[in-house]
Amino acid sequence: MIAPTGFREYDARWKYPDEINLPGITALGLGLGTQMHKRGIPPVIAVGNDYRDYSLSIKNALIVGLMQAGIHVKDIGPALSPMAYFSQFHLDVPAVAMVTASHNPNGWTGVKMGFDRPLTHGPDEMGELRDIVLQGQGQARDGGKYEFVDGVQKAYLDDLVGDFKMSRPLKVVCATGNGTASAFAPELFERIGVEVIPSHNELDYTFPNYNPNPEAMEMLHDMAASVKASGADFALGFDGDGDRCGVVDDEGEEIFADKVGVIMARDLAKLYPGSTFVADVKSTGLFASDPELQKHDIKADYWKTGHSHMKRRVKEIGALAGFEKSGHYFLAEPIGRGYDCGMRVAVEICKLMDRNPDMKMSDLRKALPKTYSTPTMSPHCADTEKYDVLARLVDKLVAKHKAGETVAGRAIKDVVTVNGARVILDNGGWGLVRASSNTPNLVVVCESPESDAEMRAIFKDIDAVIRTEPSVGDYDQTI
């Protein structure tokens with residue numbers, strides 16, 4: 001059993017066991033191995049799994065399929081997604097498959113996979129894999145082999161730490177929501193000389209406190225409460241598979257990840273003037289408009305949301321880094337290897353604070369030009385309908401622009417349709433609607449450089465267009 005909707009734009013995700021069963025996962029492994037042979041990839045793959053209680057069963061079923069396809073599987077054990085990506089470099093293997101549902105709630109499973117490090121599958125590779133699996137084109141071959149590889153976690157942490165040690169005292173709330181990052185983040189902080197204030201750092205796959213997702217206000221509010229209670233310098237929070245990082249400052253203010261990206265970009269711009277930064281279409285307009293970045297001749301490139309799209313774009317145009325509003329950051333050489341790693345971001349934020357010993361995180365936040373933005377809001381829309389719904393919404397918003405209509409009383413300057421529709425107003429404010437790539441939802445984000453009231457007015461007008469589609473349901477969170 002394999003629901004076709006599980007093959008998404010840049011990874012695979014299903015509700016388990018409702019939409020896929022273990023024989024279905026084995027068929028996925030056989031298909032992935034067949035795809036490797038078809039593309040001429042040497043038949044060796046690193047495989048890891050997150051800490052959910054069913055992930056080991058999923059991984060074992062996937063491994064059976066890979067071995068049937070004649071693939072040499074190197075099992076790195078329980079891992080974060082970025083640890084699996086790291087293992088490709090550390091073990092010098094051409095392919096990776098990480099069993100994780102990322103930040104999706106329990107009941108979901110999936111696989112993040114890639115052949116061309118540090119890249120992961122995009123729409124072309126996912127479409128090819130879907131066809132191989134669903135059309136029964138998986139081909140059994142001799143040569144399958146299993147090997148458990150020990151020591152990758154230690155090597156991963158050693159690589160993150162390097163020779164860095166804090167020179168200023170720093171007290172950080174480490175929020176892992178009982179997810180897999182609990183086995184990594186506290187040790188990482190201690191090794192670089194950071195005092196750790198623990199927050200739900202016990203491994204518990206039932207997620208008794210909240211689902212680990214640093215884009216969700218529930219987790220950010222909990223991090224803020226921990227900062228206020230402990231007097232910490234800031235809080236860093238990680239999602240279920242550790243490839244995303246969220247930040248709350250010393251005043252308990254939740255800094256949305258795109259603004260953290262601008263803070264990091266400002267710091268990196270001084271070290272690497274003339275660099276290009278990629279930002280996803282959900283992100284703040286400051287990457288293009290911030291005077292500090294302009295002063296250092298920084299070029300901003302707005303691109304499609306999604307970890308695979310962003311990784312590919314960073315590599316293609318030789319950007320120094322990519323920043324995504326969801327908290328995925330892609331730090332390329334010489335900082336990182338180009339894949340998204342919440343632990344790497346955490347280390348780089350600590351280094352940033354070390355380079356700015358007189359600044360608090362709140363000072364860095366307040367130094368940014370003020371903008372008013374919504375959290376990421378996701379109204380329900382079935383996987384089978386959302387792309388058709390979005391296409392109609394894009395047409396309606398483009399028509400609004402052509403007709404000279406306004407949003408929040410302002411003229412529409414442009415509608416960028418690289419990924420959904422980002423409606424840009426004459427003062428730089430904007431509203432975005434796109435389809436979620438990994439859940440049955442649309443995604444809505446709005447920002448105003450003027451006021452909270454204007455941001456709410458932008459949302460009201462964008463939502464009014466969205467409400468013309470009867471199959472769009474309730475929001476998961478709203479303003």
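Definitions and cut-offs
- Residues numbered from 1 in each chain as written.
- Predicted model: local features only at pLDDT ≥ 70, side-chain atom pairs only at ≥ 80, totals over all residues.
- Heavy atoms only, no water.
- UniProt positions renumbered as here; feature names shortened; annotations may be inferred.
- Helix = DSSP H or I, 4+ residues; strand = E, 2+ residues; numbered from the N terminus.
- Pairing = 2+ DSSP bridges.
- Axes fitted to C-alpha atoms, helices over the stretch in contact; angles between N-to-C directions.
- Contact = heavy atoms within 4.5 Å.
- Disulfide = S-S within 2.5 Å.
- Buried < 20%, exposed > 50% of the residue type's maximum accessible area, 1.4 Å probe, protein only.
- Parallel < 35°, antiparallel > 145°, perpendicular 65-115°, else oblique.
- Left-handed = near helix turned anticlockwise from the far one by under 90°.
- Patch = residues over 30% accessible without salt bridge, like charges linked within 9 Å, V, L, I, M, F, W, Y side chains within 5 Å.
- Areas by Shrake-Rupley, 256 points an atom, 1.4 Å probe, with all protein chains shown as cover.
- Salt bridge = Lys/Arg side-chain N within 4 Å of Asp/Glu carboxyl O.
- Phe/Tyr/Trp six-rings, centres within 6.5 Å; stacked < 30°, edge-to-face > 60°.
- Lys NZ or Arg CZ within 6 Å of the ring centre and 35° of its normal.

Draft legend 1. Fine view of the UniProt feature "domain: Alpha-D-phosphohexomutase C-terminal" (unreviewed entry) in the protein. When the UniProt feature table is mapped onto this chain numbering, "domain: Alpha-D-phosphohexomutase C-terminal" (unreviewed entry) sits at residues 410-464. Each end of residues 410-464 is marked by a C-alpha atom, and these two atoms are 16 Å apart; helix forms 24% of the span and strand 45%.

Draft legend 2. Expanded view of the sheet that holds strand β4 (residues 95-99). With respect to topology, 6 strands assemble into an open sheet ordered β1-β5-β4-β2-β3-β6, the strand pairing being mixed. Of all the strands in the sheet, just β1 (12-15) and β6 (145-148) have a single pairing partner and so form its edges. The average undirected angle you get between the axes of adjacent strands in this sheet is 20°. Alignment of strand β2 (residues 44-49) against strand β3 (residues 72-78), held across 6 bridges, turns out to be parallel. Note that in β3 the partner of Asn49 across the bridge is Pro78. In the packing of helix α3 (residues 81-90) onto the sheet, the strands contacted are β2, β3, β4 and β5 (108-114), and the crossing angle to β4 comes to about 165°.

Draft legend 3. Local environment of the state of the cysteines. On inspection of all chains with the given rule, the structure shows 0 disulfides. Between Cys350, a cysteine without a disulfide, and Cys245, which holds the nearest cysteine sulfur, the sulfur-to-sulfur distance is 9.0 Å. For Cys350, a relative accessible area of 0% translates into the label buried.

Draft legend 4. Focus on the packing of helix α5 (residues 152-161) against helix α12 (residues 342-355). Relative to each other, α5 and α12 sit at 30°, their axes nearing to 10 Å. Relative to α12, the element α5 is oriented roughly parallel. The element α5 and its partner α12 pack so that their crossing is right-handed. Contacts between α5 and α12 involve Tyr156, Asp159 and Leu160 from the first element and Met343, Arg344 and Val347 from the second.

Draft legend 5. Spatial organisation of the UniProt feature "domain: Alpha-D-phosphohexomutase alpha/beta/alpha" (unreviewed entry) in the protein. With numbering matched to this structure, UniProt assigns "domain: Alpha-D-phosphohexomutase alpha/beta/alpha" (unreviewed entry) to residues 6-134, 155-252 and 258-372. In the segment residues 155-252, helix accounts for 29% and strand for 20%; the C-alpha atoms at its two ends are 34 Å apart.

Draft legend 6. A look at a nonpolar patch on the surface. Taken together, the side chains of Tyr51, Leu203 and Tyr205 define a hydrophobic patch exposed on the protein surface, amounting to about 250 Å² of accessible area. Structurally, Tyr205 is set in the loop between β8 (195-199) and α7 (217-230).

Draft legend 7. Structural view of the packing of aromatic side chains. One pass over the structure, following the stated rule, counts 12 aromatic pairs. Consider the rings of Tyr16 and Tyr54, whose centres lie 5.7 Å apart with planes at 40°: the pair is tilted. Remark: Tyr54 occurs in the loop between β2 and α2 (55-68) and Tyr16 occurs in the loop between β1 and α1 (22-38); sequence separation between them is 38 residues. Comparing Tyr16 with Tyr54, the two get one shared label, buried. An aromatic cluster of at least three residues, connected via ring pairs, comprises Phe277, Phe287, Phe323 and Tyr329. Over the aromatic face of Phe89 sits the side chain of Arg117, whose NZ or CZ is 5.2 Å from the ring centroid. Positioned above the aromatic ring of Phe89 is the side chain of Arg337, whose terminal nitrogen or guanidinium carbon lies 5.4 Å from the ring centre.

Draft legend 8. Structural context of the sheet that holds strand β21 (residues 442-448). Strand order across the open sheet formed by 6 strands is β16-β21-β20-β19-β18-β17, with antiparallel pairing between neighbours. The open sheet has two edge strands with one neighbour each: β16 (372-373) and β17 (406-407). Pairing of β16 with β21 involves 2 bridges; the strand directions are antiparallel. In the sheet register, Ser373 faces β21, and the bridge partner there is Glu447.

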